[in-house]
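Commentary on secondary and tertiary structure
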Amino acid sequence: MGDFKEHESDLLIVGAGGAGMRAAISALGMGRSVNIVSKSLIGKAHTVMAEGGIAASIGDVDRSDNWTVHFGDTVVEGVYIGNWRMAEILAKQAPERVYELERFGAVFDRTPEGKIMQRAFGGHTYRRLCHVGDKTGLEIIRTLEDKVLHTDAKMFDEVYITRLFLREGRFCGALGLEMRTGEFLLFKAKALIIATGGCGRVYKVTSNSWESTGDGLALAYNAGAELMDMEMIQFHPTGMVWPPGVKGLLVTESIRGEGGILLNSKHERFMLRYSPEKKELDARDVVARATYYEIKAGRGGPHGGVYLDISHKGRDFILRKLPGMYSQFKEFAGVDITKEAMEVAPTVHYQMGGIRVDPYTCATSVSGIFSAGEVASGLHGANRLGGNSLADILVFGKLAGEVASRWMEGKDTLEPEDSEIEREMDRVRGFIRKGGNPYDLIDELTSVMQDRLGIVRNGDDMRKAIELIKDIKRRSEEVGVSGGLKYNHGLLGCLELQNMIVACETISVSANIREESRGAHTRSDFPKRRREWKVNIVCRKDGEDISTRLIKVEEIPEEFARYVKPEVYEDE
Amino acid sequence: MSEESGKRVINISIYRTDENGGGGYKDYEVPIQEGMVVLDAVRYVQEHIDTTLAIRWNCKAARCGSCAAEINNMPKLMCKTRIDTIKGKIRVAPMSAFNSVADLVADVSENYLINRQIPEFSPREAEIPWKIKQIDVERTKEFRKCIECFLCQDVCHVIRDHKADYVGPRHVVKAASLDMHPMDTVDRSEFLNNEGGIGYCNVTKCCQEVCPEGIKITDNAIIQEKERAADRFYDPLLWRREKKR
Ligand SMILES: Cc1cc2nc3c(=O)[nH]c(=O)nc-3n(C[C@H](O)[C@H](O)[C@H](O)COP(=O)(O)OP(=O)(O)OC[C@H]3O[C@@H](n4cnc5c(N)ncnc54)[C@H](O)[C@@H]3O)c2cc1C
Ligand code: SF4
Ligand code: SF4
Ligand code: FES
């Protein structure tokens, strides 16, 4: 023993994206000491990539907007399996979080009257996304980063958390590997908030950054927490298709929000066929499927995409409203979007599912562990609205920080078991050995997901996928890399592979169970939405197996139901 | 570029450190893909040739500022530099103004310590929700584009020579982004002139030439902050008037 350093605080937060940092600010405000751990550098968390904006019904542009409409949109576009209580909290609190962020120092684009400018986005009844150009995520992360850096919170960046420890069924600590030094760090705390973001990297074509490997899902799952709605993976309709190096890179929905249209190779505006009313601005699942069908029907472009065109808006407008997109296409693809159309195709973007949490407390099913942000589930149901994630991370990040801080009152810190720490360090060190290349297996795994758990799924493919993933899991026990513990990306590859497998197993098992098509989950063998599937699928670790159960979605009480467009099932 | 068994490959030299703090370039051969960037090549080496190669990247979209390095001695983002724009041999090294962690990874942690010293945003009392003019948003926007890649810090000769005395261009940009905030009440030119050591900067403009976000660091941040400090010395009322409008 003794070959690790100890750091103790009241609260440990894993994840320095929007959710983790906002949680830290709450906890610090309540007098708690906080350690924040992030596997990337400070300020580089995936949140930095968010472009379009943050949804809040402040009604600065469309006066009729208010929380009840935002609430209704969130429930309806989540196709009625989202948690209505979380939707209520989000819709009611998002405006205050936006104003608060402004008071922290964030700057938003303005209306002529000096109010906050809001743009249209798919599935939102009104223009609702507060934004600053197409760099909203950068503004949020920088504002929170500055705020947290000027507090006593300790930031541990480039530290990779590998395992959580429990004592008497309660959280007590976490083990991390400090990449810069190769040292193990033991974080002890009374409570933990998991805010590790998503798992988009389990697919081959994704808009997500390096760190989105579902680590938080696996950490929680291995500690006994429940995961929910794992089958619900959002495909964003527009990702880049060329050059190959940037395949999957996001082409923001703001382009459509600002008037961009989708065309196929015959120059048809095909969304008129799939969604005559909402057209390009229908919910993401609808537009992504339409795009997929057009490409499948052979009406795609030379690189297997459809066309997105904004050039009719003129150069000045585009440079002012979409500067990031202009340079992204100019630099990576040599395309001038003020003159030509972009070629785009669906890309994996967001996990609606994740760690199951209580709507009012963000508590997971393990005592002392809370969770917020993309890694948590419930709010978005079967499909997330654009802009709702940035609202989610602020609203529920704040809530998690507050509740965890209250929860720990009067509780003492428990000591992690020495033998468990030892075992975990051995596991990590164990990957430094002669063995298979982890990247080869990651490659196989992401291909399985891409090919068999894509936009349109079917039972045969999914059952095959479950088998293939099992086989990859077996072989993953034999991966190994050379080198040492210090800044060894290969070693991280080994650790991430294990986490990605947990995400893939739970996604494929849940997807195979849901025998209907709803939101982001579309099946060719069960093309209709069915009332009996108005449930959430929950996974829990049971030895080496996954035990699953279905939970009926709670009916929305009358006083709230009136804000929600009633559900219609085709066959009834 | 060379042709080998029908497969097009490219040669890339990557700086590798050794246990004793020394290091040197090592050559690798990587298959070419259309539109490939330097980061693709470096990742290929890390994933398929030598998994111990230490690299840092995250967004792969020129948005996070993680993958800064020196490519043929020019400070650049690896994920934004297309291979087909480089003539001749490709040499990739870590940013040299910082201590090394390993291989291509530089220790940039000092920048977060500097950030801590810059007086934070301090808004004036005003009715909520705030009313702000778009024109005032535009004035601060340029500085808020910074992705903290620290390439400007890397290229600045003052930092190379007097690291302890000058905060560096990135941090002047940060101060300017706050100073230009229409609701802010603090004047950071004072900090920049004293602890910040902005006087060491002799406006060579090297920093703004390498900024991947195209921020006019010297013209719009450094010179402005220098002038503001001078004006303030002669006309203390000016600052207050400026902030109020
Ligand atoms: C390109 C793009 C554009 C987007 N645009 C929008 C938009 O316009 N509006 C919107 O609402 N949403 C948008 N989203 C979604 C939104 O950005 C994310 O869902 C959200 O930022 C997630 O924030 P988070 O705080 O939950 O996690 P993240 O920002 O992903 O942060 C996760 C943190 O956890 C850390 N971490 C992970 N694993 C470990 C580990 N094992 N050990 C230690 N630390 C770990 C990471 O280092 C990081 O600090 C976009 C997403 C993408 C990809
Ligand atoms: S202009 Fe100033 S800050 Fe920029 S590189 Fe030259 S000396 Fe350094
Ligand atoms: S100012 Fe430019 S070069 Fe300097 S850190 Fe920011 S983005 Fe990078
Ligand atoms: S990886 Fe984010 S800037 Fe290059």
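The preceding data block contains the structure.
Described below are features of the structure shown in this document. (Residues numbered from 1 in each chain as written. Chains lettered and ligands numbered in written order. Predicted model: local features only at pLDDT ≥ 70, side-chain atom pairs only at ≥ 80, totals over all residues. Heavy atoms only, no water.)

What to know about the nonpolar core
Judged by nonpolar contacts, the single largest core of 225 residues is most densely connected at Phe-396 of chain A together with Ile-12, Val-42, Met-78 and Val-92 of chain B. Counting residues per element, this core draws most heavily on helix H15 (residues 489-513) of chain A, which supplies 12 residues. Both domains that furnish three or more residues to this core are identified here as domain 1 (236-346) and domain 2 (418-531) of chain A. In contact with Ile-12 of chain B, other than residues within four places in its own chain, are Lys-26, Asp-27, Tyr-28, Val-30, Ala-41, Val-42, Val-45, Ile-90 and Val-92 of chain B. (Core = buried A, V, L, I, M, F, W, Y, C linked by side-chain atoms within 4.5 Å. Buried < 20%, exposed > 50% of the residue type's maximum accessible area, 1.4 Å probe, protein only. Helix = DSSP H or I, 4+ residues; strand = E, 2+ residues; numbered from the N terminus. Domains from an automatic or database assignment. Contact = heavy atoms within 4.5 Å.)

A look at the packing of helix H1 (residues 18-29) of chain A against helix H4 (residues 136-149) of chain A
Residues and elements named next belong to chain A. Viewed as axis vectors pointing N to C, H1 and H4 meet at an angle of 35°, and their least axial separation amounts to 10 Å. Of the two possible hands of crossing, H1 and H4 adopt the one that is left-handed. Across the interface between the two elements, Gly-18, Met-21, Arg-22 and Ile-25 of H1 pack against Ile-141, Leu-144, Glu-145, Lys-147 and Val-148 of H4. The residue makeup of the contact of H1 with H4, split by class, is 5 nonpolar, 1 polar and 3 charged. (Axes fitted to C-alpha atoms, helices over the stretch in contact; angles between N-to-C directions. Left-handed = near helix turned anticlockwise from the far one by under 90°. Nonpolar A, V, L, I, M, F, W, Y, C, P; charged D, E, K, R; others polar.)

Here's the deal with the sheet that holds strand S1 (residues 4-8) of chain A
Residue and element names in this part refer to chain A. Judged by pairing direction, the sheet is mixed, and its 4 strands sit side by side in the order S1-S10-S9-S8 without closing on themselves. The outermost strands of the open sheet, each flanked by one partner alone, are S1 and strand S8 (159-167). Taking the axes of each pair of neighbouring strands and ignoring which way they run, one obtains an average angle of 25° across the sheet. Where S8 and strand S9 (residues 170-178) come together, 8 bridges link them in antiparallel fashion. Bridging from a neighbouring strand, Arg-163 pairs with Leu-175 of S9. Sitting on the sheet, H15 touches S8 and S9, and the angle it makes with S8 is about 50°. (Pairing = 2+ DSSP bridges.)

Some thoughts on helix H3 (residues 84-104) of chain A
Residues and elements named next belong to chain A. With 21 residues, H3 extends 29 Å between its outermost C-alpha atoms, agreeing within 8% with the 30 Å of an ideal straight helix rising 1.5 Å per residue. If you look at H3, its biggest bend is around 40°, right at Gln-93, and the proline Pro-95 turns up within four residues after that. With respect to burial, H3 is a largely interior element, 16 of its 21 residues being buried. Regarding H3, its N-cap is Asn-83, as a side-chain oxygen of that residue lies 2.9 Å from the backbone nitrogen of Arg-85 further along. (Expected span 1.5 Å × (residues − 1). Bend = angle between axes of the 7 residues up to and from the residue. Polar contact = N/O pair within 3.5 Å; in protein donor to acceptor, adjacent residues only side chain to side chain.)

A short note on the packing of aromatic side chains
Residue and element names in this part refer to chain A. What the rule picks out here adds up to 13 aromatic pairs over all chains. Aromatic pair Phe-71 and Phe-560: ring centres 5.9 Å apart, planes at 55°, arrangement tilted. Of this pair, Phe-71 sits in helix H2 (residues 67-77) while Phe-560 is found in helix H16 (residues 558-561), placing the two residues 489 residues apart along the sequence. Looking at Phe-71, the relative accessible area reads 0%, which means it is buried. (Phe/Tyr/Trp six-rings, centres within 6.5 Å; stacked < 30°, edge-to-face > 60°.)

Comments concerning the interface of chain B and chain A
In this assembly, 59 residues from chain B lie in contact with 63 residues from chain A. Between chain B and chain A lies a buried interface of about 5,100 Å² when both sides are counted; carbon and sulfur atoms form 52% of it. Where chain B meets chain A, there are 9 salt bridges. Close ionic contact of Lys-80 of chain B with Glu-331 of chain A constitutes a salt bridge, the shortest N to O distance being 3.4 Å. The interface formed by chain B and chain A contains 37 residue pairs in polar contact (both at pLDDT 80 or more). (Buried area = accessible area lost by both parts, 1.4 Å probe. Salt bridge = Lys/Arg side-chain N within 4 Å of Asp/Glu carboxyl O.)

Looking at the site of ligand 1
Residue and element names in this part refer to chain A. Not every one of the 39 residues close to ligand 1 is listed here, only the nearest: Thr-47, Gly-52, Glu-374, Ser-389 and Leu-390. In this structure, Gly-53 approaches ligand 1 through a main-chain N or O atom, which is 2.9 Å from a nitrogen atom. Contact between ligand 1 and Gly-387: an oxygen atom at 3.3 Å from a main-chain N or O atom of the residue. Expressed as a share of its isolated accessible area of 1,000 Å², the protein-covered part of ligand 1 is 99%. Here the element with the most residues in the shell around ligand 1 is helix H11 (residues 388-407); it accounts for 4 residues. (Near = heavy atom within 4 Å. Areas by Shrake-Rupley, 256 points an atom, 1.4 Å probe, with all protein chains shown as cover.)

Spatial relationships are all this shows, so hold off on functional conclusions.
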